[in-house]
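Geometric and topological summary
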Amino acid sequence: NVTHAPLTTWGLEHVTIGKEFEILDVGCGGGATVSRLAAMASDGRVYGVDYADGSVAVSRRKNAELIAAGRVDIRKASVSQLPFDAGTFDLVTAIETHYYWPDLAASMLEIRRVLKSGGTLMILAESYRGSRFDALQRVVMKPLKSAHLSVDEHRELFTTAGYSDVRVSEQRGRGWICVTGRVPDLMTRQDAPEL
């Protein structure tokens, strides 16, 4: 929670969050981002999912009051099979997690499924190919069999999954990347790939 706070602050500057938004944080970890999103979407609801029992427990403890108030829901789930109906969320965030997803392309489609028309996905990371710290990160990422994508590969990941208005921002001095993309509005979705 503490080490990702500055990265998260920077990343959230790249998305618009309405007070009534329904938001999903994929790979919610310790739950700090969930509570931050709940404060921003003060009349909405925030869900967090994580595949690790320990992370789910910590996130539930961190957000106990918000859960009791019905504003937050934390679930054990995998990004490859999200337990939500199609078109549920205005925003999905994934912070420091996408490079661990077993099937990155399929997970991008699964997230697109649960986003509303016009909804946004934000992927945020401090590890990507071509960053200031690339040589060091590559040493760590390779044994983990993690996706270590370049800026162009991140953009392609989004466009191939049918996201539009894809934007990539870098904070080169810190080695951070933020990628956002929207689900096309219903009127333009005929060009998107089938789910």
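One structure accompanies this document, and this report is about it. All figures in this text were calculated on a predicted structure; none of them were measured in a lab.

Attention now moves to the overall build of the protein chain. Of the regular secondary structure elements, the protein chain holds seven helices and seven strands. Overall, the protein chain shows an N-to-C arrangement of helices and strands of α-β-α-β-α-α-β-β-α-β-α-α-β-β. Expressed as a percentage of its 195 residues, the buried residues of the protein chain come to 48%. Long-range pairs, those at least 24 residues apart, make up 68% of the contacts in the protein chain with a sequence separation of at least 6. Of the roughly 9600 Å² of accessible surface on the protein chain, 51% is carried by carbon and sulfur atoms.

On to the packing of aromatic side chains. In total, this model carries six aromatic pairs according to the counting rule given. Here W10 and W176 contribute two aromatic rings whose centre-to-centre distance is 5.7 Å and whose plane-to-plane angle is 45°, an arrangement assigned as tilted. On the criterion of sequence distance, the pair formed by W10 in helix α1 (residues 5-12) and W176 in strand β7 (residues 176-182) is long-range, its members being 166 residues apart. The class for W10 is buried, based on a relative accessible area of 11%. Note on Y47 and F84: the rings are 5.2 Å apart at their centroids and 75° apart in plane angle, and the pair reads as edge-to-face.

Pairs can form between side chains of opposite charge whenever their charged atoms are close. Tallied over the entire structure, the rule returns nine salt bridges. In this structure, the salt-bridge partner of D90 is K116, at a minimum N-O distance of 3.3 Å. One end of the pair, D90, is in strand β4 (residues 89-95); the other, K116, is in strand β5 (residues 115-125), with 26 residues separating them in the sequence. On the accessibility criterion, K116 (28% relative accessible area) is partly exposed. R155 serves as the salt-bridge partner of D152, at 3.1 Å between the closest nitrogen and oxygen. You can see D152 and its partner R155 sitting in helix α7 (residues 151-160), three residues apart, about one turn around the helix.

Our focus in this paragraph is the sheet that holds β4. Pairing is mixed in the open sheet, where seven strands are placed in the order β3-β2-β1-β4-β5-β7-β6. Of all strands in the sheet, those with a lone pairing partner are β3 (72-76) and β6 (164-171), marking the two edges. Averaged over all adjacent pairs, the angle separating strand axes in this sheet is 15°, with direction ignored. Of the pairings in the sheet, the one linking strand β1 (residues 22-26) to strand β2 (residues 45-50) comprises five bridges and is parallel in character.

Our focus in this paragraph is the environment of R182. Here R182 shows up in strand β7. The sequence separation of R182 and G118 amounts to 64 residues, and the corresponding C-alpha distance is 5.7 Å.

Grouped together as the largest cluster of nonpolar side chains are 31 residues, with contacts concentrated most on L24, I111 and Y163. Of all the secondary structure elements, the ones that give two or more residues to this core are β1, β2, β4, α5 (104-114), β5, α7 and β7. If near-sequence neighbours (up to four positions away) are discounted, I111 is found in contact with V26, V79, L82, V92, W101, L121 and Y163. Judged by nonpolar contacts, the second largest core, of 21 residues, contains L37, A38, V56 and L91.

The rules behind each value
Residues numbered from 1 in each chain as written. Predicted model: local features only at pLDDT ≥ 70, side-chain atom pairs only at ≥ 80, totals over all residues. Heavy atoms only, no water. Helix = DSSP H or I, 4+ residues; strand = E, 2+ residues; numbered from the N terminus. Buried < 20%, exposed > 50% of the residue type's maximum accessible area, 1.4 Å probe, protein only. Contact = heavy atoms within 4.5 Å. Areas by Shrake-Rupley, 256 points an atom, 1.4 Å probe, with all protein chains shown as cover. Phe/Tyr/Trp six-rings, centres within 6.5 Å; stacked < 30°, edge-to-face > 60°. Salt bridge = Lys/Arg side-chain N within 4 Å of Asp/Glu carboxyl O. Pairing = 2+ DSSP bridges. Axes fitted to C-alpha atoms, helices over the stretch in contact; angles between N-to-C directions. Core = buried A, V, L, I, M, F, W, Y, C linked by side-chain atoms within 4.5 Å.

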